[in-house]
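Coordinate inspection notes
Chain by chain, the residues:
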Amino acid sequence: MNINQVKNICCIGAGYVGGPTMTVIANYWHNIKVNVVDINQERINAWNDKDLNNLPIYEPGLDILIKKTRGKNLFFSTDVESSIASADIIFLSVNTPTKTKGFGAGQASDLRWIEISARQIAKYAKGYTIVVEKSTLPVKTAETIQQILNAELTSSIYTTESKSFSVLSNPEFLAEGTAITDLEKPDRLLIGGDDANAIKTLEDLYKAWIPHEKILKTNLWSSELSKLTANAFLAQRISSINSISALCEATGADIKEVARAVGSDRRIGDKFLNSGPGFGGSCFKKDILNLVYLCNYYGLHEVANYWESVVTLNSWQQHRISSLIVNKLFRTLSGKRIAIFGFAFKSNTNDTRESPAVSICKDLLEEGANLAIYDPKVNKRQIEVNLNLQSSRNIANDNISQIKKFEAIEDCVEGADAIVILTEWDEFKIVNWEKISKLMRKPSWIFDARGILNQKSAIKAGFKVWSVGKG
Ligand code: UDX
Ligand code: UDX
């Protein structure tokens, strides 16, 4: 099948990866119908909402592209069966969380959704179909998918009609908050596989906007392992700079100055050297733990321990920040109001998965604090579910009265003893500290876990200030 024969694309999983990726493809291929399917009806309804402010994910630039493509050649539905049946190419973009029980619990990926999807493809696909792994997966998952599809070819349970499959790995490297730019101008596009024709078709799909020299082709396993390794390297840089932030605070060095000096070496580079409250997001921790599991599986225990320490350091940084907040506030938070600025795991997203704010807020709640939370994109219910104050079935926990969500910074800080900056939203960089200071109880603190504060103006306004890597 060449690219001109591709008429329908299906993507299973309308999440942070599947949604934006398919929107960009639809925008470059007006003659291809792109069906994004998901088992979650609520999420699909949100993708189809007339009001683009209600899209299930916030991503700069996404709404403009949705407006151009939705209902023309881009469709969101729960119609998994017929979308698979009509597809020439199927992208697998379902979630692969860390297993919570059984073998490999806490480290290995839970592949149940991948298996379910592969079985659905095996059952409903017609003719020749290229199956593309988009989700980040443990090495050799493509083999599992292939085996499930092959089993269908040799069985006649579902249909007698002939079908065939090629499985490719095509990991996504987009970061949330910059997804559209990352998709349109990627550093590289990776295609792993051994079927030259299928690879050529997928390559031609992307060549509509990605230059030839940016497309890397590898075998399946290299492709899968490259994604895990890239995320592990990125996370490792953050743990490295965060470890030095603690040393800066102890010695009087300044982490920003150190990061600038270190990053000026072109061999090291200046990106991803911002010290903060530790990395969050759905991928870093999960993918490193996956790598750790893989190494242990192959008996490479020293390698496993090396990578696991990146995750250990990350949790340590979060608890270190919670603990110093308690210490500075006279070792008790009981009944005190703490204003939390930012709950998302980074700015420009509404995603809170593995957000450092979750762990730090839980620590503060344990100490008896009342949390007043402000985040421009995260909603109240999501915060309550993340902090285990409300189950997804709307059952409230006793501690729910300890948190309140505010829509304005001024209301959030009223009577508070401290502000803790946990997400680097631009609006926190331009706060009028004089005005805010008047609303708070004295002595009032700002704990700047992102290092974005203009310290001089905060101190001038009467605040006591702690900044990560500066003390
Ligand atoms: C997910 C993985 O977490 C990541 O490792 C991978 O690289 C890409 O897929 P993301 O898009 O951020 O990332 O996940 P999420 O936003 O949870 O979206 C996955 C979607 O798949 C959900 O909407 C879920 O309802 C859907 N899904 C899951 C299905 O449609 N069918 C299933 O069987 C399982
Ligand atoms: C990451 C990878 O960057 C992306 O390539 C992959 O496809 C998915 O995982 P994402 O998690 O969306 O993307 O965001 P990213 O920008 O990498 O940030 C991850 C976390 O690291 C955030 O919590 C962020 O605040 C933190 N971070 C990032 C730092 O603490 N310091 C930095 O210098 C950079």
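Residues numbered from 1 in each chain as written. Chains lettered and ligands numbered in written order. Predicted model: local features only at pLDDT ≥ 70, side-chain atom pairs only at ≥ 80, totals over all residues. Heavy atoms only, no water.

Among the nonpolar cores identified, the biggest contains 56 residues, and I338, F341, L371, L387, I419, W433 and F463 are the most heavily contacted of them. The element contributing the most residues to this core is helix α13 (residues 356-366), with 6 residues. With near-sequence residues (within four places) excluded, F341 lies in contact with Y374, I409, C412, V413, I419, V420, I421, L422, T423, F428 and W433. Membership of the second largest hydrophobic core comes to 42 residues, among which are I3, V6, A14 and I215. (Core = buried A, V, L, I, M, F, W, Y, C linked by side-chain atoms within 4.5 Å. Buried < 20%, exposed > 50% of the residue type's maximum accessible area, 1.4 Å probe, protein only. Helix = DSSP H or I, 4+ residues; strand = E, 2+ residues; numbered from the N terminus. Contact = heavy atoms within 4.5 Å.)

A few words now on the site of ligand 1. Taken together, 18 residues lie around ligand 1, and D38, R43, T136, K286 and R353 are the ones closest in. Within the backbone of Y16, a nitrogen or oxygen atom sits 3.0 Å from an oxygen atom of ligand 1. A distance of 3.3 Å separates an oxygen atom of ligand 1 from a polar backbone atom of V94. Coverage of ligand 1 by the protein chains reaches 93% of its 690 Å² of free accessible surface. (Near = heavy atom within 4 Å. Polar contact = N/O pair within 3.5 Å; in protein donor to acceptor, adjacent residues only side chain to side chain. Areas by Shrake-Rupley, 256 points an atom, 1.4 Å probe, with all protein chains shown as cover.)

Looking at ligand 2, there are 19 residues lining it, with F173, E176, F345, K346 and R450 nearest. Contacts to ligand 2 include E172, whose backbone N or O atom sits 3.3 Å from an oxygen atom. Separating an oxygen atom of ligand 2 from a backbone N or O atom of F173 is a distance of 2.7 Å. Bound to the protein, ligand 2 loses 90% of the 660 Å² it would expose on its own. Counting residues per element, the shell around ligand 2 draws most heavily on helix α9 (residues 220-251), which supplies 4 residues.

Attention now goes to the sheet that holds strand β9 (residues 337-341). Pairing is parallel across the open sheet formed by 6 strands, whose spatial order is β11-β10-β9-β12-β13-β14. Edge strands, defined here as strands with exactly one partner in the open sheet, are β11 (403-406) and β14 (464-467). Each strand of the sheet is rotated relative to its neighbour by a mean of 20°, with strand direction disregarded. The sheet contact formed by strand β10 (residues 370-374) and β11 spans 4 bridges and is parallel. Note on β11: the bridge partner recorded for I373 is K405. (Pairing = 2+ DSSP bridges. Axes fitted to C-alpha atoms, helices over the stretch in contact; angles between N-to-C directions.)

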